[in-house]
Amino acid sequence: MASTAPIQPSKLTSIKKLSESPNLNSIPSNYAYYNDPHDICASEPPDSIPTIDISLLTSGNPDHKSKAIQDLNKACEEWGFFMVINHGIPESLMKAMLEVTSEFFNLPEEEKPKFEPKDVLEPIRYGTSFNTAKEKVFCWRDFLKVFVHPEFHSPHKPNALRELLLEYRERTQNLVRKLARGISESLGLEEYEMEKTLNLNSSLQIFIANYYPPCPQPQLALGMPPHSDHGLFTLLIENQVGGLQIQHKGEWLNVNPLPNSILVNTGDHLEIFSNGKYKSVLHRAAVNNKNTRISIAMANGPSPDTIVCPASKLVDNEGCVPAYIPMKYTEYLFSQQNNLLNGKSILDRVKIKDN
């Protein structure tokens, strides 16, 4: 049973500090996301999670490229989630990013609150849970969020973070461009249609580091509740501790990535741009009672001032009506980050109900 003594948000500095409390055998009541331990259960995928080979997607062989685009279309339409291999990001860089992220969360507590934000769109944000100002039940998670494009930001510590993050941003941007071109073609559009329409040269890219320490009652707590991501797609790497779960055909599935692969999930703005053909995928983060899980997400969206709506050529070609109301990307982002994280509730606000 969870502890009956809740912790007040004003006294909450980090879940890491709470998890390291002596003799912590149960969680405070305002961390108990579930009452029934079966609610957090997930199964192993009955089918193989899609894998996209980037070297084929960018191949000069038309047959190889065509097959990769077909695979990408199927992955986006049927799963909203896939792994990418041969992506061009060195394994050594991914390992270094995870290590330096661990170093950040292991900084002395007095050095981290200097990043605590007053606004959800500040370029460097450090905190715990998701939005403690609005939540009644908190996530078993600490986070660092950094805007790295179109303007690059980085915390001053650890010393190695800035240089590594700059390289990781450039490498992931290259991968994002390849995915955007492949997805554009998979929708029946010109290869560069998505890049041009959404102004991806000035895209908003956010580095999100998540820290999920051991939890004494993992069957009741959640690292992150079920939600979809803003933006076009999120690239995710993690240390060798599982916890990511995705919803597929109404069932929760555990994700066990291939070594050196990058996980990709489709976001709300790809759903909007594709006029609902590619749905953003619900996912959540489970925790455990033994090991700390660290994950690094790169959220990739349009340029901040882009007004996102269904692709006009897609709507015209298919002879249908737009299913989503146009909205500036930063307005959408502010609305999501400034509220409770609740499924696809923000996307539902821009969806035209008759569709």
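In this text the structure is predicted, and so the values were computed from the model without any measurement. What you see as residue numbers is a count from 1 along each chain, following the sequence as written. In view of the model being predicted, local features appear only for residues whose pLDDT reaches at least 70, and side-chain atom pairs are presented and counted only at 80 or more, with totals across whole chains, interfaces and linings using the full set of residues. With hydrogens and water set aside, each side-chain value is computed from the structure's full complement of heavy atoms.

Thoughts on the sheet that holds strand β6 (residues 224-227)
Strands belonging to one sheet form pairs held by backbone hydrogen bonds; the direction of such a pair is parallel or antiparallel.
Phase 1: Strand pairing is assigned whenever DSSP identifies at least 2 bridges connecting the two strands. Strands here mean DSSP runs of E at least two residues long; helices mean DSSP runs of H or I at least four residues long; both are numbered from the N terminus. Read across the open sheet, the four strands follow the order β6-β11-β8-β9; overall the sheet is antiparallel. The open sheet is flanked by β6 and β9 (251-254), the only strands paired with a single partner. Going from strand to strand, the sheet's axes swing by 20° on average, the running direction of each strand aside. Interaxial angles span 0 to 180 degrees and are taken between N-to-C directions of axes, which are lines fitted to C-alpha atoms, for helices over the stretch in contact.

With respect to the pairing of β9
Phase 1: Note that strand β8 (residues 244-248) and β9 share four bridges and pair antiparallel. Within β9, the residue paired with isoleucine 246 across the bridge is leucine 253.

Brief notes about the sheet that holds strand β7 (residues 233-238)
Phase 1: Strand order in the open sheet formed by eight strands is β1-β2-β10-β7-β12-β5-β4-β3, and the pairing between neighbours is mixed. On the outer flanks of this sheet lie β1 (51-53) and β3 (124-128), each paired with one strand and no other. Looking at each pair of strands side by side, their axes are set apart by 25° on average, direction ignored.
Phase 2: As defined by bridge partners, strand β2 (residues 81-85) adjoins strand β10 (residues 262-266) across four bridges and the pair is classed as antiparallel. Across the sheet, the residue bridging to phenylalanine 82 is valine 264, located in β10.
Phase 3: Only heavy atoms enter the contact rule, under which two residues are in contact if any of them lie within 4.5 Å. Contacting β1, β2 and β10, helix α3 (residues 62-78) runs over the sheet at an angle of about 145° to β2.

Some details on the UniProt feature "domain: Fe2OG dioxygenase" (unreviewed entry) in the protein chain
Phase 1: Mapped onto the present numbering, the UniProt feature "domain: Fe2OG dioxygenase" (unreviewed entry) falls at residues 202-302.
Phase 2: Between the end C-alpha atoms of residues 202-302 the distance is 7 Å, and the span holds 6% helix and 43% strand. UniProt positions are given in the numbering used here, feature names are shortened, and annotations may be inferred rather than shown by experiment.

Let's talk about the pattern of salt bridges
Phase 1: Within this document, salt bridges are pairs made up of a side-chain nitrogen of Lys or Arg and a carboxyl oxygen of Asp or Glu, the two lying within 4 Å of each other. Scanning the entire structure with this criterion turns up 10 salt bridges.
Phase 2: A salt bridge links lysine 16 to glutamate 20; the shortest N-O distance between them is 2.9 Å.
Phase 3: For lysine 65, the salt bridge identified is with glutamate 185, shortest N-O distance 3.4 Å. Of this pair, lysine 65 sits in helix α3 while glutamate 185 is found in helix α5 (residues 161-186), placing the two residues 120 residues apart along the sequence.
Phase 4: Note on classification: 1.4 Å probe, protein chains only; a residue is buried when its accessible area is under 20% of the maximum for its type, exposed when over 50%, partly exposed between these limits. Note on lysine 65: relative accessible area 23%, which makes it partly exposed.
Phase 5: Put simply, Lys65, Glu185 and Glu191 are held in one network by salt bridges that share partners.

Topic: α3
Phase 1: To estimate how far a helix should extend, the number of its residues minus one is multiplied by 1.5 Å. If you check α3, its first and last C-alpha atoms are 24 Å apart, about what 17 residues at 1.5 Å a residue would give, namely 24 Å.
Phase 2: Among all positions of α3, only Ala68, Ile69, Leu72, Asn73, Ala75 and Cys76 are buried. For α3, the arc enclosing every buried residue in end-on projection is 165°, short of the 170-degree limit, so these residues lie on one face.
Phase 3: Those residues of α3 that are buried are in contact with β1, α2 (54-57), β2, α5 and β10.
Phase 4: N or O atoms within 3.5 Å of each other form a polar contact, as long as, within protein, one can give a hydrogen and the other can take it, and as long as residues adjacent in sequence are counted only when both atoms are side-chain atoms. You can read the cap of α3 off the contacts: a side-chain oxygen lies 2.9 Å from the backbone nitrogen of aspartate 63, and it is on asparagine 61.
Phase 5: Positive backbone phi, at 70°, marks glycine 80, one or two positions downstream of α3. Here the arc refers to the directions that run from the helix axis out to each C-beta atom.

Overview of the environment of lysine 157
Phase 1: By secondary structure assignment, the location of lysine 157 is in the loop between β4 (142-149) and α5.
Phase 2: Residues lysine 157 and phenylalanine 104, spaced 53 residues apart in sequence, show a C-alpha to C-alpha distance of 6.8 Å.
Phase 3: Apart from residues no more than four positions distant in its own chain, lysine 157 is found in contact with Phe104, Leu107 and Glu111.
Phase 4: Polar side-chain contacts of lysine 157 include one of 2.9 Å to the side chain of glutamate 111.

A word on the packing of aromatic side chains
Phase 1: Aromatic rings from Phe, Tyr and Trp, taking only the six-membered ring of Trp, are treated as a pair when their centres fall within 6.5 Å; an angle between ring planes under 30 degrees marks them as stacked, one over 60 as edge-to-face, and anything in between as tilted. Under the definition given, this model contains six aromatic pairs.
Phase 2: Centre to centre, the rings of tyrosine 31 and tryptophan 140 are 5.4 Å apart; their planes meet at 80°, and the pair counts as edge-to-face. Of this pair, tyrosine 31 sits in the loop between α1 (15-19) and β1 while tryptophan 140 sits in the loop between β3 and β4, and the two are 109 residues apart along the sequence.
Phase 3: Under the relative-accessibility criterion, tyrosine 31 is labelled buried at 0%.

A word on the side chain of lysine 16
Phase 1: Within the secondary structure, lysine 16 is located in helix α1.
Phase 2: At 3.5 Å, the side chain of lysine 16 and the side chain of asparagine 106 are in polar contact.
Phase 3: Look past the residues within four positions of lysine 16 in its chain and what remains in contact with it is Phe105, Asn106, Lys112, Asp142, Tyr211 and Pro213.

Some thoughts on unusual backbone geometry
Phase 1: Residue histidine 149 is joined to proline 150 through a cis peptide bond whose omega torsion reads 10°.
Phase 2: The omega torsion across lysine 157 and proline 158 is -5°, close enough to zero to call that bond cis.
Phase 3: Tracing the backbone through its elements, the reader meets proline 158 in the loop between β4 and α5.
Phase 4: The backbone phi angle of asparagine 23 is positive, close to 60°, even though this residue is not glycine.
Phase 5: Its location among the elements puts asparagine 23 in the loop between α1 and β1.
Phase 6: Phi is positive for asparagine 86, which is not a glycine, with a value near 50°.
Phase 7: Position of asparagine 86 relative to the elements: it lies in the loop between β2 and α4 (91-105).
Phase 8: Accessibility expressed as a relative area gives 48% for asparagine 86, which makes it partly exposed.

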